[in-house]
Amino acid sequence: MTIRLDHFIAGEHRAPADGDYLESTNPATLETLYEFARGTEADVARAVDAASAAFESTGWQRTTPTQRGHLLRRFGDLIGENAEELARLESQDNGKLLREMTGQLKGLPEYLYYFGGLADKVQGSQIPTNSPEVINFTQREALGVVGLITPWNSPMTLTLSKLAPALAAGNTTVIKPSEYTSRTILRLAELAYEAGFPAGVVNVVTGLGAEAGQALVDNPKLAKISFTGSTRTGAAIAASAAGRFIGSTLELGGKSPNIVFDDADVSNAAMGVIAGIFAAAGQTCIAGSRVFAQRGIYDELLEKVTARAASIVIGDPLAPETELGPLAFEAQLNKVSEYVGIGVEEGGRIAYGGGRPDVDLPGYFFQPTVLTDTTNDMRIAQEEIFGPVAAIMPFDTEEEVLALANDTEYGLAAGVWTTNLARSMRMSQRLEAGTIWINMYRAMSPMSPRQGFKNSGVGIEHSIESMHEYTRLKSIWINTDEGPVADPFVLGR
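What counts and what doesn't
Residues numbered from 1 in each chain as written. Predicted model: local features only at pLDDT ≥ 70, side-chain atom pairs only at ≥ 80, totals over all residues. Heavy atoms only, no water. Phe/Tyr/Trp six-rings, centres within 6.5 Å; stacked < 30°, edge-to-face > 60°. Buried < 20%, exposed > 50% of the residue type's maximum accessible area, 1.4 Å probe, protein only. Lys NZ or Arg CZ within 6 Å of the ring centre and 35° of its normal. Core = buried A, V, L, I, M, F, W, Y, C linked by side-chain atoms within 4.5 Å. Helix = DSSP H or I, 4+ residues; strand = E, 2+ residues; numbered from the N terminus. Contact = heavy atoms within 4.5 Å. Axes fitted to C-alpha atoms, helices over the stretch in contact; angles between N-to-C directions. Parallel < 35°, antiparallel > 145°, perpendicular 65-115°, else oblique. Nonpolar A, V, L, I, M, F, W, Y, C, P; charged D, E, K, R; others polar. UniProt positions renumbered as here; feature names shortened; annotations may be inferred. Pairing = 2+ DSSP bridges. Right-handed = clockwise from strand over helix to strand, strands pointing away. Expected span 1.5 Å × (residues − 1). Arc of directions from axis to C-beta. Domains from an automatic or database assignment. Buried area = accessible area lost by both parts, 1.4 Å probe. Salt bridge = Lys/Arg side-chain N within 4 Å of Asp/Glu carboxyl O. Polar contact = N/O pair within 3.5 Å; in protein donor to acceptor, adjacent residues only side chain to side chain.

Which parts of the structure should I look at to understand the packing of aromatic side chains?
Each aromatic ring pair is described using two quantities: the centre-to-centre distance and the angle formed by the ring planes. One pass over the full model with this rule turns up ten aromatic pairs. With 6.2 Å between their ring centres and 65° between their planes, Tyr34 and Phe36 make a pair best called edge-to-face. Take Tyr34: its relative accessible area is 0%, and that puts it in the buried class. You can call Phe36 buried: its relative accessible area is 1%. A cation sits over an aromatic face here: Arg4 above Tyr21, 3.9 Å from the ring centre. Looking at Lys224, its charged tip hangs above the ring of Tyr470, at a distance of 5.5 Å from the centre.

Here you go:
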């Protein structure tokens, strides 16, 4: 019998208002995993109302920052205690390797511990004034109801990167997960409730982006939207939020350069290239999909990368030996295949891969693919593919590769491989990206801020900086002088 999953609203599972459900498919086996509620405007309104009531409730308003910190740490403990279950659920949902998800789950509680520790560290300040009788100070306060719209490629990690600071700051939330990965986000909401968060503080409405997602963006009771996904959708959300004068944090697309200089350790750089584009089947916004190799080591790097790509074990993401699982859904498989075809039509040459692998499962598998004879102006090098496809291009000088690397609408991340310290500093300062890795790639910490430049987004995730994304700043003036009021026609200061 197929499992049926309902929304999680006000601490309870709630059936969809219209009674409709959608199916979620295992991308490796193509078997139906479960049915989930098809959310509508009515479901979203019910969830936002629950979050609004929770925010205004005496119980949540009287919860101190230190108490919120305790709740977040308990939430983190429960994630750790249920790590094996959550890792398996997410692997089945989106095809990510079980061993990768197990590793992620070991780190996920740290998000809750970190922001739990920050909950009572967000402080205002006292401002100097020109009168000893006047006191001016600032304080940060919660926004209210925050809508969180999260993607399918790393559902739990990218949800918690929003949810943890939002809760630490004292907000209440409505989460709309991707229609491809609803199960683990519903499970996270259950664990938050189990940890002691009051009913209505964490709500989840599942369904389609054009239906439930749009209804959440349009709900007039929201104080903020935080979204991770495509640049096109992010732009529409930003316009909607701006029209209502509410804030938005947007973590969007990327076309990140991974640059290898001829003084680098080529073996290490080759593994960095592999990690940057083939880990998670390339389904990551930070994927190092544009590889620039200095001409002196170009052939050696290409040989090492293609050799390792050819040896990557493709198959069941639950198997411990698997290194590359399936793409998350059929449309994504078709998109990746189409882009490889575009790359060849534009003059690129497939050095390895380029098609469906021979595996024993019927799922959405695609070979790790290396394209050469590409140039930075081709679509294959300018448009986000979100799959295991790398374009490797030669360069001669530092100035040349800087121009090439920055010649993109995106600015999310970049990698540099060099043993020259001065060069690494120059590159990190001149590359137009929010995260720069030197002699490494694809590292992340809740303590380190993430920000997209250009069309890769606005706002900051992770770190103490992200707490400001979920608070508003209030300036308070107090006159302690009990004497007569000064001239009412002169501005006080």
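What exactly am I supposed to notice about the nonpolar core here?
As a rule of thumb, soluble globular proteins bury nonpolar side chains together. With 51 residues, the main nonpolar core has Phe75, Ile79, Leu105 and Phe197 as its most contacted residues. In terms of residue count, helix 5 (residues 98–118) provides more of this core than any other element does, eight residues in total. Ignoring anything within four residues of it in the chain, the contact list for Phe197 reads Trp60, Leu71, Leu72, Phe75, Leu167 and Ala192. Grouped together as the second largest cluster of nonpolar side chains are 48 residues, Ala270, Phe278, Leu301 and Leu302 included.

Looking at this structure, how should I read unusual backbone geometry?
Comment: phi is negative for the bulk of residues other than glycine, and the bulk of peptide bonds are trans. A positive phi angle, near 65°, is found at Leu30, a position not held by glycine. On the secondary structure map, Leu30 appears in the loop between strand 4 (21–25) and strand 5 (32–37). You will see that Asn439, though not glycine, has its phi angle at about 55°, which is positive. By the element assignment, Asn439 lies in the loop between strand 20 (435–438) and strand 21 (450–451). Asn439 gets classed as partly exposed once you look at its relative accessible area, which sits at 39%.

How should the packing of helix 5 against helix 6 (residues 155–168) be read in this particular structure?
A pair of packed helices is captured by two measures, namely the crossing angle of their axes and the spacing between those axes. Here helix 5 crosses helix 6 at 10°, and the two axes come no closer than 9 Å. Here helix 5 lies roughly parallel to helix 6, going by the angle between them. Residues Met101, Gln104, Leu105, Leu108, Tyr111, Leu112 and Phe115 of helix 5 pack against Met156, Thr157, Leu160, Ser161, Ala164, Pro165 and Ala168 of helix 6. Looking at the contact of helix 5 with helix 6, its residues break down into eleven nonpolar, three polar and no charged.

Would you take a moment to explain the UniProt feature "active site" (unreviewed entry) in the protein for this structure?
This chain's UniProt record puts "active site" (unreviewed entry) on Glu251. Among the structural elements, Glu251 can be located in strand 12 (residues 247–251). Excluding residues that lie within four positions of it along the chain, Glu251 makes contacts with Leu158, Phe227, Thr228, Gly229, Cys285, Leu412, Arg450, Ser456 and Glu461.

Can you help me understand the sheet that holds strand 6 (residues 126–127) in this one?
For sheets, the rule is that strands pair by backbone hydrogen bonds, running either parallel or antiparallel. The three strands lie next to each other as 6-7-25, forming an open sheet whose pairing is antiparallel. Two strands close off the open sheet at either side, each with one partner strand: strand 6 and strand 25 (471–479). Inspection of the sheet shows strand 7 (residues 134–142) paired to strand 25 by nine bridges, in the antiparallel sense. Opposite Gln139, over in strand 25, you have Lys474 as the bridge partner.

Teacher, can you tell me more about the UniProt feature "domain: Aldehyde dehydrogenase" (unreviewed entry) in the protein here?
Residues annotated by UniProt as "domain: Aldehyde dehydrogenase" (unreviewed entry) correspond here to residues 20–476. Structurally, residues 20–476 comprises 40% helix and 21% strand, and the distance from its first C-alpha atom to its last is 50 Å.

Which parts of the structure should I look at to understand the pairing of strand 20?
When a strand is regular, its side chains alternate between the sheet's two faces. Only one face of strand 20 is buried: it carries Thr435 and Trp437, and the other face, with Ile436 and Ile438, is open. Bridge count between strand 19 (residues 413–417) and strand 20: four bridges; the pairing is parallel. For Ala414, the partnering residue across the bridge sits in strand 20 and is Ile436. Handedness of the crossover joining strand 19 and strand 20 through helix 15 (residues 421–430) is recorded here as right-handed.

Just to check I follow, could you spell out helix 1 (residues 41–56) for this structure?
Residues lying three or four places apart along an α-helix face the same way, a consequence of the helix completing one turn every 3.6 residues. If you check helix 1, its first and last C-alpha atoms are 22 Å apart, about what 16 residues at 1.5 Å a residue would give, namely 22 Å. Taken as a whole, helix 1 has its buried residues at Asp43, Val44, Ala47, Val48, Ala50, Ala51, Ala54 and Phe55. Each buried residue of helix 1 sits inside an arc of 155° when the element is viewed along its axis, so together they form one side. Of the exposed residues in helix 1, the ones pointing more than 90 degrees away from its buried face are Glu41 and Glu56.

In this structure, what is going on with the domain arrangement of the protein? I would like to understand it.
Size of an interface, as often reported, equals the accessible area lost when the parts are brought together. When cut into domains, the protein gives domain 1 (4–252 + 456–476) and domain 2 (257–438). Facing 21 residues of domain 1, the contacting portion of domain 2 comprises 26 residues. Interface area for domain 1 against domain 2, summed over the two sides, is near 2,000 Å², with a carbon-plus-sulfur share of 62%. Here domain 1 is connected to domain 2 by zero salt bridges. For the interface between domain 1 and domain 2, the tally reads seven residue pairs in polar contact (both at pLDDT 80 or more).

Help me understand the packing of helix 4 (residues 83–94) against helix 7 (residues 183–195) in this model?
Closest axis-to-axis distance for the helix 4/helix 7 pair is 9 Å, and the angle between their directions is 155°. On the basis of their axis angle, the class for helix 4 and helix 7 is roughly antiparallel. Together, Glu85, Leu86, Leu89, Glu90 and Asp93 of helix 4 and Arg183, Thr184, Arg187 and Leu191 of helix 7 make up the contact between the two elements. Across the contact of helix 4 with helix 7, the residue classes tally to three nonpolar, one polar and five charged.

Even after reading the chapter, I still don't get the sheet that holds strand 4, so can you show me in this structure?
Pairing is mixed across the open sheet formed by three strands, whose spatial order is 1-5-4. Unpaired on one side and paired on the other, strand 1 (3–5) and strand 4 mark the two borders of the sheet. Strand-to-strand, the axes of this sheet are offset by a mean angle of 30°, without reference to chain direction. Summarising the sheet, strand 4 and strand 5 pair through five bridges and their orientation is antiparallel. Among the inter-strand pairings, Leu22 is bridged to a residue of strand 5, identified as Phe36.

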